Structure formats: structure tokens, C-alpha cells
Amino acid sequence: MYNDRYLNLTSKGKLLHQKCSPEDDVFVFSKLTYSWFSRLISIGYKKPLERDDLFELNEGDSPYSVCPNFEKQWRKEMQRSTTGLKASYIERMLFKKTSFCKPSLIFPLWQTFKFLLIKVAFLKVTADILAFMGPQIMKALVTLSENHPGSHRSGYGYAIALFFVVLSQTLLHQLYQRNNMLTAVKIKTAVVGLIYKKALTLANSSRRNYTTGEIVNLMSADAQQLMELTVNLNLLWSAPFQILMAVFFLWQELGLSVLAGVAVLLFIIPINALVAAKVKSLKKSQMRYSDQRVKLLSEMLHGIKILKLYAWEPSYQRKVMSIREHEVDVLKSSGYLATYSMLTLTCIPFMVSLATFGVFFHVDEENVLTAAKVFTSISLFNILRLPLFDLPSVISAVAQTKVSLSRLEDFLYAEDLNPEDVNINYSGNHAVGFIGASFRWDKSGLPVLKNLNVSIPEGSLVAVVGQVGSGKSSFLSAILGEMEKLEGTVQRRGSVAYVSQQAWIQNAILQENILFGSNLNRPYYEQVLESCALLPDLEQLPNGDQTEIGERGVNISGGQKQRVSLARAVYSNADLYLLDDPLSAVDIHVGKHLFEKLIGPSGLLKSKTRILVTHNLTLLPQTDLIIVMEEGRISQMGTYQELISKRADFAELTQVFTTENRSEETTLVKVSSSKEECQLGESLPQRELLKHKDPSFDRWRTHSKSKEKVATGGMKMAVVLKYLQAFDWRWVWLTIAAYLGQNALAIGQNLWLSTWTAETAKINDFTEWKQLRNYKLGIYSLLGFIQGLLVCCGAYVLNRGSLSASRALHHQMLDSVLHLPLQHFETNPVGQIINRFTKDLFVVDIRFHYYLRTWLNCTLDVIGTILVILSASPLFVVVVIPLGYLYFTIQRYYIASSRRIRRLAGASHSPVISHFSETLLGGSTIRAFGHQERFIRKNYDVVYENLVYFYNNVISNRWLSVRLEFLGSLMVFFAALFVILAGNTVNSSTVGLSISYALNVIQSLNFWVRKACEIETNAVSIERVCEYAKMDKEEPWIMSKRPPVGWPDRGIVEFINYKAQYRKDLGLALNGVSFQTRSKEKVGIVGRTGAGKSTLTNCLFRVLEGSGGKIIIDGIDISTIGLHDLRGNLNIIPQDPILFSGTLQSNLDPLGKHSDLELWEALELCDLKDFVQSLPKKLLHEISEGGENLRVLVLDAGRILEFDTPHNLLQQQGTFSEMVAEAEITR
């Protein structure tokens, strides 16, 4: 039928041979019926579809062409707004701007996509006109049966005409849907591309106004809102157009009295507008709460280690739950407003027909309702129902989108970094220069760096030193152009490599983190690994440099992160190196190795300009220039010798630093960091290191960062049952009862009209007819009134149930996530969990109950229709059975593929969000290396993958709709044919009833299967929300046995033959460890890499459960009490400093257990009291998002080698004294 086209895409330097969509090359018939897609559907029926089975995007639909085109128009708009030109008149009227002319997204979007939008509008108007042809042909049929009951030939002509009109309307409508969905997603893609690009250029002052969660929300929620509006955009003109057409045809049937119906409509629309306005404000509140909740969750998950070790989970769980309660309250109000919308949808046709028929009788006593009039009118009222229902929802969508548009425009118009702050073209041979330069972080802030004057020669090694908070890191930021320049000049020459204080690691394999987009030059790469002391680490990782690193480097230690970050900088072979204290996170040996082999005068970078922020003053004599920072100023500058000889205070500073450093060094040897560093001293041969392989590294073998799993197979009924259980069964049964009632009453109304017109035709006496009329009209209005009541009841119980489900499922998921063991978070990206709390929870909150409701409504509708047609012509049963069989066959055939595509699409959304979050965190590093374009390209790649699933999903839906609606058209044809065949035996009112129902059923049937599929595919979200409940949890937080108050009071820790392993199939990480500490003594734990030091700590906190022996603290076996009773009574200073947003006080004491006085004492002990007192709000300062009684325990390969006082161990000349000698610690 067609040939596959193939598209060669170059990605990461490889040529990919990919299957292109054949859509543009096929014949018109195949294009209209989507037959070209059938092959994929049949593959999907035989086996679960994989990514390679799907069709690629058409070239014009891919982000590679959509985003640049839109950016061009956006740039024009930015120029226009800065030159003060207003947007078009229509746009000004639609979005009244009172203040200055902020650039508008609408105009560039229109300029980019206008031809597509016009094409979509043209298809819509044609399909709309065809929709009105059906009732006119039915009218002719009814009139024919009234006047010439036996004329079969004309009847057949009308039946065939009806079939073709309905069929062509279907094909055009599906073509409109396809183009509409793909245009909408293009608009979303364009906006997402722009948000991503903007995030890379955002100035720090602007960045501080947005948390990472808020910016991610712009991409996931606001851009999605814009897309949803675009999907419904044509309804803004199409709904009034359909209403006018319906009124025009109704006028022909019922004359002037149709104005009564129009009056009812006009009365309802302003009320709908008020409801829409209220919905808008509720949407705003809901977005605000959702932002807060996601921001808090994101922080909790990134700091989960702290939460677990300090047993803070319940406190933070309560915080999330209280935000969620506010969110649910907003949902409740929205639900009650939705009741009103549902009432209007269900009862509008009834109210309009009641008003119209009532006035029709009163205008002229002679007016009589005939079957032709009644059923043509009812068909037109049915057509009227959808645009009338859609109009208010589109108006409210416009209102909501205005909120989103304004958020997006504010973000896109926020201030950017000024690339001209840093001058890169200047005379002179210095690498970096400041002339009278001052800087601040944000507009309202005070200068952070003041009057800097310095010239750094090319190829020199410069050390920047000073107390905490003196402006050392800001000095590097100023060179990078990350701060706002107030005055003066900054000069910088050549390419830059930057190592930030908090190492930024990508969620990719280790090698990709180091290459950072460059090609692999194997000899140089090996040299970089060796000089960054990474070779021993690679030996220990299961896949060497191909090991995948989790998000934010969760599965490697702080020192390893810092060295990977350093290796990335070195590999880039830049001219200028800015190193922000890279030696602080590594062991002494490693620090020494890095300085000698890399940073120092004889290192790999000796010919480059290096600016090193450091606290290690022992390195200063080897530097070319020293800059001493004090309160944002350069207080001293010169070589080591100059400063020592000239300045007493510098010598004093050195003295202070050296003593601090010395104590730090000894501490570092005594207690190693929580994940082992590689101590690569020259005296420590590599084979020695590799002999002691740390079993904790083997955790990788099963836990290497897992890609999101995609469920396969059919939807388990259990999933829907889970939802219904959370919904609460009493609400379920009440909802079903209410819907059964309202559907039965709707059919009752039409049957009543049918018998009424049939009786009217037989009555000749006018008085009798008048009595009958009043009686029939009275009953008709009573039926409508009861139906309205049932609609309200149905909506109310549905709202109660859906809120109960939202509450229960969110609580269950949050609780399950917080009870997961720490290892889970180290091996799974946080983005995956956040995705559950945003996208999947959105389905629970807003979508799923709507799908269940509409599916139930359609089911009852379809059953009702078939019963009505069967009662009119029992012969219809001959057609219903085969058509029904075909329906279910097509549905089953399609659902396998559709469900799979939707599941794959769900999983493809995570990488888009993860990549974006990662970019936000590493913005300064990406800019420093000048890699913005590469990251924008990578963003296009992940968005492209997501769009491939979307495109295939849209086409699969169209494929299904065309086939189902064809069967629907057949149903209409046969309904018409059978009533014609029945001839005189059937009266005209039955003909009208039967055909008007058949015309209505096409929509219902298509909707019915669609909603069944929606339930199937959205049930995946319920599945994902419930997934965490089934995962293995850590031990209970609180158990029946609880330690006494004040435990532990002596601090005697006893290990008795303790064994621990990371997995059953791995060797022991601790093997028969036995020792006992004395009360209140300090114990240092030492040992080479992989000896089991961190494992020992993990066991104390039961992060790792033991596999033999016991640990007793003050007489209590720690395995017999709950985790919170244990962790809450122990204390630890973790390696990675993590702060949660909130006040300084809430960070120090989240449980609110301590007085202010105690907090000030703690700050004083940590030498932070002066700093905190200098803050305007002190403890309430808002933090934004991110001796003689000392003994030493020496470990090796999970066993204890030595345990004694340092003095005795040094006398013994064993392993400990060797390590002390290597560390060059003076005794």
C-alpha cells in the first residue's frame, strides 16, 4: 500500500536509521481512514509495542524545526515590546493591558502557527455544516412516512443519503481532530523549548524569585494548560456558529417561539461566565498549593538521608499533608461548581424544548406538534447540547490559560544575565582583570563585592583565601558573569572550566560526565583519570567508567563527586580554570595527590591560568599570587613571601588557619567520610587498594540507576477496584443509582413526546387536544424537573467520592514513599517519584472520576438507544448483534496498542522533567563551559521522544474513531432502512424517535469506547500511585518495646560478633565485629578505603540491617526497638550539608523541641552566632531552596585489626602508625 520512508538523523555523532511516518505519501483514502496505521495496530495486538515499532514524527512536527521558528517570532515580539509598540488591536481587546507593554506570547504563537490554525478552523466549519444535514434528511423521512407511507424508493434514497452525510461528517471531523491535536502539541513544544532556553540565561536576581519546583511547574502544568486551550480554541467561534445554525433550522420548524428557547440559553450563559470566573480563581489557588507541595516534596526527597537519619519524616509528612488539605479544599469547591455545569449540560435541551414548545402552543392556539416538528427539533436540540456545554468550559479554560500565560510571560520576560558584564575583547596579556568593579546578587541587595582591582597574569596559579562568608565564591561568580555588575570593568580571556563548591553531577554514565559532550581522546582521558585520582574508584564500580550515576550523584561519595567534577573541567582543556574549594571534600592523601598531579606548579594544568579558592593554607607557598578576601573586599594581595614579610595580620591568619587545618586533618584520619574516599598517596600502591574491595559497591549490580518501568499487559480490574475502594463504596452505589435514574428519565421524556405526537395525529376535536396538550406538557416538565434533581445528587455524591479517593491515595503514596529504605532513593531518580506526585496525582484528582462518570453515562445512553430502536423496529436485532460483535473486536484489537503507547508516553515524560531539573541545578556550570546550545539540543532530543509517543497515540485514536463511527453510520442507515421497510405498520412519530436516537448514538458509541480506553490508559496512573505501597519497606518506626526516656544516657556501644551484608548473594561487609566503648569516650574509626567504616555507621543507624550478632547501646539491643526511637536518640553530622527552604530556625529544629536560647548556644559552638546575628531577621531568616580520652578502632576488610588509644597504637608500629606516617601527621 505504501513504502516506508526512512529518515537519517544524526545524534551523538552516530547515524540513526529511523522509520519515518508514511502519512504524507499515502493515497487520500488511506490518509482519511488511517489505514496506513493498521500495521502498527496489528503488531501491537500480537506483542507489546516497543519504541522501535513506532512511527517517527513528520519533519515539520519535530521540536528541531518547531522551536527555532517560534523563537524567531518571540525575539521580534521582545524587540517590539522594548520599543514600546503595542500588539494587535484584537489582542489588546482580549487581554487588556493597563500597565507597560509586557511582551505577549499570543502574537508570536499566532505568527508561527497561523496557517495550521486556519486549516484546522476550515475543517471544523465544514464538519459543523455537515452535522446539520442529518436532521434535515430525517425530517424528509418523517414527512415522507406521514404523507406517503408506502413510497419505498424515495425512502431508500434518503437512507443512503443519510449514510453518506453521516460518514463524510465523521471523516472530516477526525481529520480536524488529528490536525487540532498536533497543532496544540506543537504550541506546547514551542513554549517548552522557550522556557528551557530562558532557564539557561536567567539572571540570579530573577532566579531567586522562582524555586526549581515552580520553574518545572511552568513547563509541566502551564504549558500543558496552553495546549489544552488550543485543543478547544475553535469552540470559541464554532459553538456560537453551531448555536446560530441550530436556531436558524429551529426557526423554520417552530417560527417565532424558538426565541423563547434562545432566551433560556442567553439567561444561562452569563451564569456560566460567573462560574468560569470563580473556577479561574480556584485554579490559581490550586496551582499555588500544588507548587508549594511539589517544592517541599522535592526538597524532602533530595534531603531524604537527613530526614531518615534524624527521624524527621513524620514532621515533614505533616507539613505536606497540611498543604494537601488546602489543595483538597479547593478541589471540593471546584467539584461543587462542576455540579452546576453538569446540570446545565443535562437539562439545557429539556429546558429549551419546554420553553419553546410551551410558547409555540401559546403563540397560536392552532399550532400542533407533528412528529416531523418534534423529532427534527429534538435532534437539533441534541446538536445544541454539546456547543452549549463546551462554551462555558472553554470560557473557563480561557480564564485559566490567562493565569498560565501571565505566569509564562512573567518568567520569559524576567531579567537575563548580561553577557556584556564581562569584557572578552581587550588589550593586555592578563587572563582576568577587575578595574574598580563592584557586584551584587540581586537588584534590591547590597553590594557583595566592592571595588575590586586585580590583574591575573596568564598561566598563573592564584589562591583566593579568607574567612567563611568573605566573598571567595562570589569572586569566581563575578568572573563568570553570574552576578550583577554595579560599576567598573571585568575582563576575561579564553575558554573557561569551572568546578563549583557543590559538585554538579549529571544523571548519566561516569564517562559522559567527564567527557561532557567532547569526543573521547583515550590517552588524554586516561591521563585525566589518573591525575584526578579516579582510577581506584573505577576499579570498584561494577561497570567501571560505564557505570550509571544516579540523579545528583546520589550513589557516589562527596569526594568522588568532586573529583568527577574536577575531571570534567580538566578534560575540557580550557584556558582558565576556576576551582571553588575542590579539595575540601577529599581525604588528605587525595588532596595532596590532586595538587601535585593536577593543580600545582608541576601538575597537568601547570601552563593554564588557575584560580583556586581554598582553606588549605599549606598550599599557599606554591602559588604565584594570593588574594585575601575580607567582607567582599580584597584586603591583601601578593606572593606568599610578600604577604608574610609585610603583613603581621596575614601571618596571624595563616596561623589560625593552620591550627584549624591541623585539627581538621587529624579528624579526617580518625573518622572517614560517610562514603569512602580514595586515598591515593604515592606510598599507597594501587594493588593494595584493590585488594580490599568494599562490598557496598556491589550494591550497584542490581541497583544501577533504574529506568522507569513500563507496565505491560491488560489493565488489572484490581486497579479500578482499588480506586473505587478509595472512592468509598457507598458513594459508588449512590452515583450509579443517580445516573440510572437520570438516563431513564431522559428516555422517558422522549417516549412521552413520541406517544403525544402519535395521539395528536388521531385527535380531531380541538378542546380534547387542548386538554391533552396541557396534561402532556405538565408531565413532560415534571419528568425534566426530577431529572435535574437526580443530576445534582449524582454530581454531589461523585464529588464526595472523588475527594475521598484523592485524600486516601495521596496519603497512602506519601506514607509508602517515606517508609522506603534509603537504598531505594540512592538507586532511583527523584524525578520518578515527583512525577507520581504531579502528573499521576493530577489524574487521580481531576481526570479519573470524570472518565468513570462519562463511561457510565455513555453505557447507559447506548443501552437506552438500542432499546428505543428495538422497540420501534424489532428487526434491528439482526444488525445489532453483528455490529456489537464488530465493535468489541475493534476495541479489543486497538486497546492493546493504545494502552501500551500511553504507558510508554507516561514513562517518556520523566526524562523531560529530569533533564530540565538537572539543567536548573547546573545552570552556572553549563554557562561557564559555554555548553548552552548542547543542552538545548539534548532538551529537543528528550522532547522529541515524548512527542513520538504522543503522535502515535493521536493517530491510534483517530484510527479507532474512524472505524467506530463507520459502524455508527451503518447503525443509522439500518435504523432508517428498517422503518422504511416497515412502511405503514410504523407511525411517523416512531420513525422520528428511532432515527433521532440512531443519529445521537454515533457520538455516544465513539465516546463510550474512547472513555473505556481512557479508563484503561489512565488506570496506569492509579497503578503507579499505588505501586509504592507494594515495595519493601524499612522496619517499623515505632514498636511496642520503647526505650526509657533519656536513653542513651551513658553512651556505651557494644558490638557482639556483628555481621552485615548489603545483599544475600554478596560477601560480608562486616565480619564478626566485636568491641565495646566506655561511657563518654571519643572513638575514631580508621581504615583504608573499603574497610567497612561507613558500613559500621550505617549499621548503628540501621540503614543497613545486620545479618548476625547484635549491637547494644546502653543495655538495649537496637534491633528490638523502632527505627525512630533509635535514630531520634542518636546524632550524626552527615557529609553533604543540606538545608530545607523555610526559616533558619525550622532547619535547626524542625520538630520545634528546643528554645531559642538553646539554638543560639548551638550556633555559638559552631562559630555561626555572629553571622546569624548580622542577618536582618536573625533566626527567622528565610533560607531559599538546597584528647586523652580518645580511642581508635582500626578496620580492615570488615574485621577489627586494632583497638586502643592513639598513643598505644603508635607504639605498636602496626597499620594505624603506617596510616599516620602516610598522612604526614606530626605526633
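Calculation criteria
- Residues numbered from 1 in each chain as written.
- Predicted model: local features only at pLDDT ≥ 70, side-chain atom pairs only at ≥ 80, totals over all residues.
- Heavy atoms only, no water.
- Buried < 20%, exposed > 50% of the residue type's maximum accessible area, 1.4 Å probe, protein only.
- Helix = DSSP H or I, 4+ residues; strand = E, 2+ residues; numbered from the N terminus.
- Pairing = 2+ DSSP bridges.
- UniProt positions renumbered as here; feature names shortened; annotations may be inferred.
- Axes fitted to C-alpha atoms, helices over the stretch in contact; angles between N-to-C directions.
- Contact = heavy atoms within 4.5 Å.
- Phe/Tyr/Trp six-rings, centres within 6.5 Å; stacked < 30°, edge-to-face > 60°.
- Parallel < 35°, antiparallel > 145°, perpendicular 65-115°, else oblique.
- Left-handed = near helix turned anticlockwise from the far one by under 90°.
- Nonpolar A, V, L, I, M, F, W, Y, C, P; charged D, E, K, R; others polar.
- Salt bridge = Lys/Arg side-chain N within 4 Å of Asp/Glu carboxyl O.
- pLDDT = per-residue confidence, 0-100.
- Core = buried A, V, L, I, M, F, W, Y, C linked by side-chain atoms within 4.5 Å.
- Patch = residues over 30% accessible without salt bridge, like charges linked within 9 Å, V, L, I, M, F, W, Y side chains within 5 Å.
- Areas by Shrake-Rupley, 256 points an atom, 1.4 Å probe, with all protein chains shown as cover.

(A) Quick look at the pairing of strand S8 (residues 496-499). Here S8 shows a buried face lined by Val496 and Tyr498 and a second buried face lined by Ala497 and Val499. Sheet analysis places S8 next to strand S9 (residues 576-580), joined by four bridges and oriented parallel. Across the sheet, residue valine 499 finds its bridge partner in S9, namely leucine 579.

(B) Just the UniProt feature "transmembrane region" (unreviewed entry) in the chain, in detail. According to UniProt, the "transmembrane region" (unreviewed entry) feature falls on residues 116-135, 155-172, 229-251, 257-277, 340-361, 777-798, 862-890 and 966-986. Helix makes up 100% of residues 777-798 and strand makes up 0%, while its end C-alpha atoms are separated by 32 Å. Counting secondary structure, residues 966-986 comes out at 81% helix and 0% strand; the distance between its end C-alpha atoms is 27 Å.

(C) Here's a closer look at the sheet that holds S9. In spatial order, the strands read S8-S9-S10-S6-S11-S12; together these six strands make up an open sheet with mixed pairing. Each edge of the sheet is formed by a strand with only one pairing partner; in this case those strands are S8 and strand S12 (633-638). Adjacent strand axes in the sheet meet at a mean angle of 15 degrees, parallel and antiparallel pairs treated alike. Here helix H19 (residues 558-571) sits on the sheet and contacts S8 and S9; the angle it forms with S8, its principal contact strand, is near 175 degrees. Here helix H20 (residues 588-599) sits on the sheet and contacts strand S6 (461-466), S9 and strand S10 (609-613); the angle it forms with S10, its principal contact strand, is near 160 degrees.

(D) Region of interest: the packing of aromatic side chains. This structure, assessed with the given rule, holds 36 aromatic pairs. Residues tyrosine 525 and tyrosine 571 carry aromatic rings whose centres are separated by 6.1 Å and whose planes lie at 85 degrees to one another, so their mutual orientation is edge-to-face. Remark: tyrosine 571 occurs in helix H19 and tyrosine 525 occurs in helix H17 (residues 522-531); sequence separation between them is 46 residues. Like tyrosine 525, the residue tyrosine 571 is buried in the burial classification.

(E) The sheet that holds strand S13 (residues 1053-1060), seen in detail. Read from one edge to the other, the open sheet built from four strands follows the order S14-S13-S16-S17, with strand pairing classed as antiparallel. Edge strands, defined here as strands with exactly one partner in the open sheet, are strand S14 (1070-1076) and strand S17 (1116-1117). Inspection of the sheet shows strand S16 (residues 1108-1113) paired to S17 by two bridges, in the antiparallel sense. Paired with isoleucine 1113 across the bridge in S17 is isoleucine 1116.

(F) View of the packing of helix H7 (residues 152-201) against helix H30 (residues 877-921). Packing of H7 against H30 brings their axes to within 9 Å, and their N-to-C directions diverge by 25 degrees. Classed by the angle they form, the pair H7 and H30 counts as roughly parallel. Crossing hand, H7 versus H30: left-handed. Where H7 abuts H30, its residues Lys188, Ile195, Tyr196, Ala199 and Leu200 lie against His909, His915, Phe916, Thr919 and Leu920. Looking at side-chain class alone, the contact of H7 with H30 contains six nonpolar, three polar and one charged residues.

(G) Region of the structure containing the side chain of serine 315. Considering the arrangement of structural elements, one finds serine 315 in helix H13 (residues 313-363). Judged by relative accessible area, serine 315 falls into the buried class, the value being 7%.

(H) Just the pattern of salt bridges, in detail. Within the structure shown, the criterion is met by 34 salt bridges. Note that aspartate 537 and arginine 563 form a salt bridge whose closest N and O atoms lie 3.0 Å from each other. Remark: arginine 563 occurs in helix H19 and aspartate 537 occurs in helix H18 (residues 535-540); sequence separation between them is 26 residues. Each of the two residues, aspartate 537 as well as arginine 563, counts as buried. Here arginine 1078 ties to glutamate 1081 by a salt bridge, and the two come within 3.8 Å at their closest N and O atoms. Note on arginine 1078: relative accessible area 51%, which makes it exposed.

(I) Layout of the environment of alanine 121. For alanine 121, the location among the structural elements is in helix H5 (residues 106-131). Setting aside its immediate chain neighbours within four residues, alanine 121 contacts Asn234 and Trp237.

(J) Region of interest: the pairing of S16. Bridging between S13 and S16 involves five bridges; their strand directions are antiparallel. Across the sheet, residue valine 1053 finds its bridge partner in S16, namely isoleucine 1113. Counted along the chain from S16 to the antiparallel partner S17, the turn is two residues long, and its residue aspartate 1114 has a positive phi close to 45 degrees.

(K) Seen up close, the confidence of the model for the chain. Summing up the model confidence of the chain, the mean pLDDT is 81 and the portion of residues at 70 or higher is 88%. This model gives residues 1-18 a pLDDT under 50, and the stretch forms 40 contacts once residues within four places in sequence are excluded. Across residues 659-705 the pLDDT falls below 50, and counting only partners more than four positions away or on other chains, this stretch makes 128 contacts in the model.

(L) View of the nonpolar core. Membership of the largest hydrophobic core comes to 201 residues, with the highest contact counts inside it found for Leu105, Ile514, Cys532, Phe916 and Ile995. Counting 84 residues, the second-largest nonpolar core is a separate cluster that includes Val797, Leu814, Leu1193 and Leu1195.

(M) View of the packing of helix H29 (residues 830-872) against helix H33 (residues 988-1027). Running from N to C, H29 and H33 point in directions that differ by 155 degrees, and their axes come no closer than 6 Å. On the basis of their axis angle, the class for H29 and H33 is roughly antiparallel. As for the relative orientation of H29 and H33, their crossing is left-handed in sense.

(N) Geometry of a nonpolar patch on the surface. There is a patch of nonpolar side chains on the surface, built from Tyr156, Ile160, Phe164 and Leu981 and spanning about 360 Å² of accessible area. Take phenylalanine 164: it is sitting in helix H7.

(O) Main features of unusual backbone geometry. A cis amide bond links tryptophan 1047 to the next residue, proline 1048, at an omega of -5 degrees. If you trace the backbone, proline 1048 turns up in the loop between H33 and S13. Residue phenylalanine 516 is not a glycine yet carries a positive backbone phi of 50 degrees. Its place among the elements puts phenylalanine 516 in the loop between helix H16 (510-515) and H17. Note on phenylalanine 516: relative accessible area 2%, which makes it buried.

(P) Region of interest: helix H15 (residues 472-480). The buried count for H15 comes to eight of nine residues, which makes it a mostly enclosed element. Among all positions of H15, only Lys472, Ser474, Phe475, Leu476, Ser477, Ala478, Ile479 and Leu480 are buried. Within two residues after H15, glycine 481 carries a phi angle of roughly 85 degrees, on the positive side.

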